[in-house]
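# Working through the structure, step by step
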Amino acid sequence: MNKTLLLTRILLKNGGGQLTGAGRKKRRLSVRFLLPVLLLAAFLPLMFSLVSLVSFMYDGLASFGLEGMIPGLGLAVTCVVIFIFGVFYVINVFYFSQDVEHLLPLPLKPAQILTAKFIVTLLYEYLTQLLLLLPVLLTFGIKNGSGIVYYIYSGLIFLALPIIPLVLSSLVAMITMSFSSIARNKDRFRMLAGIAAVILSVGGNILFQRTMNKSMNPEQLQDMLQNGHNAFIDLAARAFPSAKLAADALLKETSLAGLANLTLFLSLSCLFFIGFVFLGQRLYFKGVLGISESSARRKRLSASRYDKLTVQQSVLKAYLIKELRILFRTPPYFLNCVLMSFLWPVFFLIPVLTQPNLMESLRTAESIVNHDGMAALILAGGASIFLFVSGTNPTASTSISREGTGFFVNKYLPVAYGKMISAKMLAGWLLTLSSAFLLTALAYLLLQLPLLLVLLLLLVSIPATLFCCLTGVLIDLLMPKLHWDNEQKAVKQNLNGIYNMLIGILAAGLIFFVVFKLELSLLSTALALLVLFIGADLLLYRLLMTKGRKWFLKIEV
């Protein structure tokens, strides 16, 4: 057990941290203290909104005696979210970290390596629970007047709840990745396996929600109202039966039945974890051994093909193509930067695919969209979404960090620093702009938006997505993370991506709030957004081409 905890600590210490070196301790400490403050400031509005929603639901359901459905729904929804995000976390921590080949020669048992990596992934999931589950449990406990036993049970459930969905996510990822030993091109297979795992998790969630929604016909809904909140809990917890045990434990905390449900919940979580270790030793190492190897095809080039490949082209274009090829060919970069750009339309489609009556509701909203004031809010909301999508994409905010310890090579290339910086910015801009165009096309198909509004959305998306790409490159120039031992840490465990995401969230919220308060018309809103974004982009680009070059020159490995 001591070795497991020690290995967990080493994995966390090795995987985190923004700066290295003795001369940067003060900056590293300041970053560690600054990050929680920034995260708290960014997510406090979301948590307060969730608290208000739960409080409102409690007051409305209490009159029918159905307030007990709140813990069950909160626990079940949290399990689904953990399962979906768990697939990403498991692939990154278990496979793309590439540290297993260094751990295997050490005097460590396979179970110790698996347990340590599982704990690291579990800690990431606790951050998700802090945002989703903690407000639900605290609000329900306060509104319900629960005693100290409720909060003790809530603490134990909070710690154990992610285990079962995370085990299921791990099994999905391991089964997919276990076939890597038969793949000739390891990098390509890792990308395909990662995509398959994501498709399985998202597709499974869609299938489950469609099944749930189809089962909720009026007769069943009437039976639920007559039977009380337990029926709602049964419905909400079909995906993860452990959520029902946890909900019953919270609702019956003053009786022996609550203690019995809590004991069963904790026992079931332990059994799932034991099963994970047992199966993981047979699946995980089969897929991870030799995964860092790669292969290449040897192909004879014809004279015409050689001339085509060696034709002189623009320096900016050549460097941009180099950046895009690295992004598409490196599995961690592809999954975290490229694939995420095309997953946003899928996330927005999930409610449409899972809610049978949602399309009818969208059709009734078409008349509202044509109103000038509502169209202006949609334009502002679209700009806010573009900022959020661009800010959450780590392509630009890790553009310097992805160079790693090989960054010094850039200083020997006969390429101006401004060209390199511009190419890195353009690579992120192309990906985020693709997301914006796909989201706009999806909104047009679902909401039947007027053509003028669609054109304005496309027009605003160009400078809006560029804004967060410029801020991302500036942040990474100031604080590059060049010391990493695998590509996954350069993008997934890089705080620069979080800083840029916070900038995108704050800018998005501010823009929508101002447009909502001023009650501008559609054309006035479009003109104001274009002037604002283009002006900000010009200032940031000028800063990038002046100060950015100096920061680029001062970067040392």
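These figures come from a predicted structure and were not determined experimentally.

Turning our eyes to something else, we now look at the overall build of the chain. Within the chain, the regular secondary structure consists of 23 helices and 0 strands. Burial statistics for the chain: of 557 residues in total, 49% are counted as buried. The contacts of the chain with a sequence gap of at least 6 include a subset with a gap of at least 24, amounting to 84%. For the chain, the computed accessible surface area is about 27,400 Å², with 69% contributed by carbon and sulfur atoms.

A few words on unusual backbone geometry. Located in the positive-phi region is Glu519, a residue other than glycine, with phi close to 55°. With respect to the helices, strands and loops of the structure, Glu519 is situated in the loop between helix H22 (495-518) and helix H23 (522-554).

All right, on to the side chain of Glu323 then. By the secondary structure assignment, Glu323 is in helix H14 (residues 315-329). For Glu323, the side chain forms a polar contact with the side chain of Lys424, separated by 2.9 Å. Setting aside its immediate chain neighbours within four residues, Glu323 contacts Arg402, Glu403, Lys424 and Ala427.

The next subject is the side chain of Ser170. On the secondary structure map, Ser170 appears in helix H7 (residues 163-177). A relative accessible area of 0% means that Ser170 is categorised as buried. Side-chain polar atoms of Ser170 contact the backbone oxygen of Leu166, separated by 2.7 Å.

Membership of the largest hydrophobic core comes to 119 residues, with the highest contact counts inside it found for Leu75, Phe94 and Leu379. In terms of residue count, the dominant contributor to this core is helix H20 (residues 451-478) (14 residues).

In this structure the tally under the stated criterion is 7 salt bridges. A salt bridge links Lys143 to Asp59, with the shortest nitrogen-to-oxygen separation between them at 2.9 Å. One end of the pair, Lys143, is in helix H5 (residues 110-144); the other, Asp59, is in helix H2 (residues 25-62), with 84 residues separating them in the sequence. Here Lys143 falls in the partly exposed class, since its relative accessible area comes to 33%. Among the residues examined, Asp59 registers a relative accessible area of 46% and is labelled partly exposed. Between Glu323 and Arg402 there is a salt bridge, with the nearest N and O atoms lying 3.4 Å from each other.

Our focus in this paragraph is the packing of H14 against helix H19 (residues 417-447). As a packed pair, H14 and H19 sit with axes 9 Å apart at the nearest point and diverge in direction by 50°. As far as their axial angle goes, H19 and H14 are oblique. Note that H14 runs across H19; the crossing there is right-handed. For the pair H14 and H19, contact is made by Val315, Leu316, Tyr319, Leu320, Glu323, Leu324 and Leu327 and by Lys419, Met420, Ser422, Ala423, Lys424, Leu426, Ala427, Leu430 and Leu431, respectively. Here the contact of H14 with H19 is built from residues that sort into 12 nonpolar, 1 polar and 3 charged.

Looking now at a positive patch on the surface. A surface patch of like charges, here positive, comprises Arg305, Lys308, Arg325 and Arg329. Counting only elements with at least two residues in the positive patch, the list comes to helix H13 (303-309) and H14.

For the rest of this paragraph, the subject is the packing of aromatic side chains. All chains considered together, the criterion is met by 13 aromatic pairs. An angle of 70° between the planes, with centres 5.8 Å apart, marks the rings of Tyr58 and Phe140 as edge-to-face. Separated by 82 residues along the polypeptide, Tyr58 in helix H2 and Phe140 in helix H5 bring together distant segments of the chain. Taken individually, Tyr58 and Phe140 each receive the classification buried, so the pair is uniform in this respect. With a centroid separation of 6.1 Å and an interplanar angle of 35°, the aromatic rings of Phe273 and Phe276 are classed as tilted. Here Phe273 and its partner Phe276 are both found in helix H12 (residues 256-288), 3 residues apart, which amounts to about one turn of the helix.

The subject of this paragraph is H5. By the largest-angle criterion, Gln129 marks the main kink of H5, which is about 50°. Trailing H5 by a residue or two, Gly145 shows a phi angle of about 65°, which is positive.

Here helix H11 (residues 241-251) lies mainly inside the structure; 8 of its 11 residues are buried. Those residues of H11 not exposed but buried are Ser242, Ala243, Leu245, Ala246, Ala247, Asp248, Ala249 and Leu250.

Here the focus is the packing of H20 against H23. The geometry of a pair of packed helices is captured by two quantities: the angle between their axes and the separation between those axes. The interhelical angle for the contact between H20 and H23, taken along N-to-C directions, is 25°, at an axis separation of 9 Å. One element, H20, and the other, H23, form an angle in the roughly parallel class. Of the two elements, H20 crosses H23, and the hand of that crossing is left-handed. Each residue belonging to the contact of H20 with H23 can be placed in one class, and the counts come to 28 nonpolar, 2 polar and 1 charged.

In this section: a nonpolar patch on the surface. Nonpolar side chains collect at one region of the surface, where Leu138, Ile142, Ile148, Val149, Tyr151, Ile152 and Leu156 lie side by side and expose about 630 Å² of accessible area between them. Taken together, the elements giving at least two residues each to the nonpolar patch come down to H5 and helix H6 (148-160). Here Leu156 lies in helix H6.

Our focus in this paragraph is the confidence of the model for the chain. Averaged over every residue, the pLDDT of the chain is 79; residues scoring 70 or more account for 74%. A low-confidence stretch, residues 16-29 (pLDDT under 50), is modelled with 19 contacts involving residues beyond four sequence positions or located in other chains. Throughout residues 228-233 the model reports pLDDT below 50, and contacts reaching past four residues in sequence, or to other chains, amount to 20 contacts.

The next subject is the state of the cysteines. Enumeration over the complete set of coordinates arrives at 0 disulfides. In this model Cys468 remains outside any disulfide bridge; the closest cysteine sulfur is found in Cys469, 7.3 Å from its own.

The rules behind the values
- Residues numbered from 1 in each chain as written.
- Predicted model: local features only at pLDDT ≥ 70, side-chain atom pairs only at ≥ 80, totals over all residues.
- Heavy atoms only, no water.
- Helix = DSSP H or I, 4+ residues; strand = E, 2+ residues; numbered from the N terminus.
- Buried < 20%, exposed > 50% of the residue type's maximum accessible area, 1.4 Å probe, protein only.
- Contact = heavy atoms within 4.5 Å.
- Areas by Shrake-Rupley, 256 points an atom, 1.4 Å probe, with all protein chains shown as cover.
- Polar contact = N/O pair within 3.5 Å; in protein donor to acceptor, adjacent residues only side chain to side chain.
- Core = buried A, V, L, I, M, F, W, Y, C linked by side-chain atoms within 4.5 Å.
- Salt bridge = Lys/Arg side-chain N within 4 Å of Asp/Glu carboxyl O.
- Axes fitted to C-alpha atoms, helices over the stretch in contact; angles between N-to-C directions.
- Parallel < 35°, antiparallel > 145°, perpendicular 65-115°, else oblique.
- Left-handed = near helix turned anticlockwise from the far one by under 90°.
- Nonpolar A, V, L, I, M, F, W, Y, C, P; charged D, E, K, R; others polar.
- Patch = residues over 30% accessible without salt bridge, like charges linked within 9 Å, V, L, I, M, F, W, Y side chains within 5 Å.
- Lys, Arg positive; Asp, Glu negative; His and termini not counted.
- Charge placed at Lys NZ, Arg CZ, Asp CG, Glu CD.
- Phe/Tyr/Trp six-rings, centres within 6.5 Å; stacked < 30°, edge-to-face > 60°.
- Bend = angle between axes of the 7 residues up to and from the residue.
- pLDDT = per-residue confidence, 0-100.
- Disulfide = S-S within 2.5 Å.

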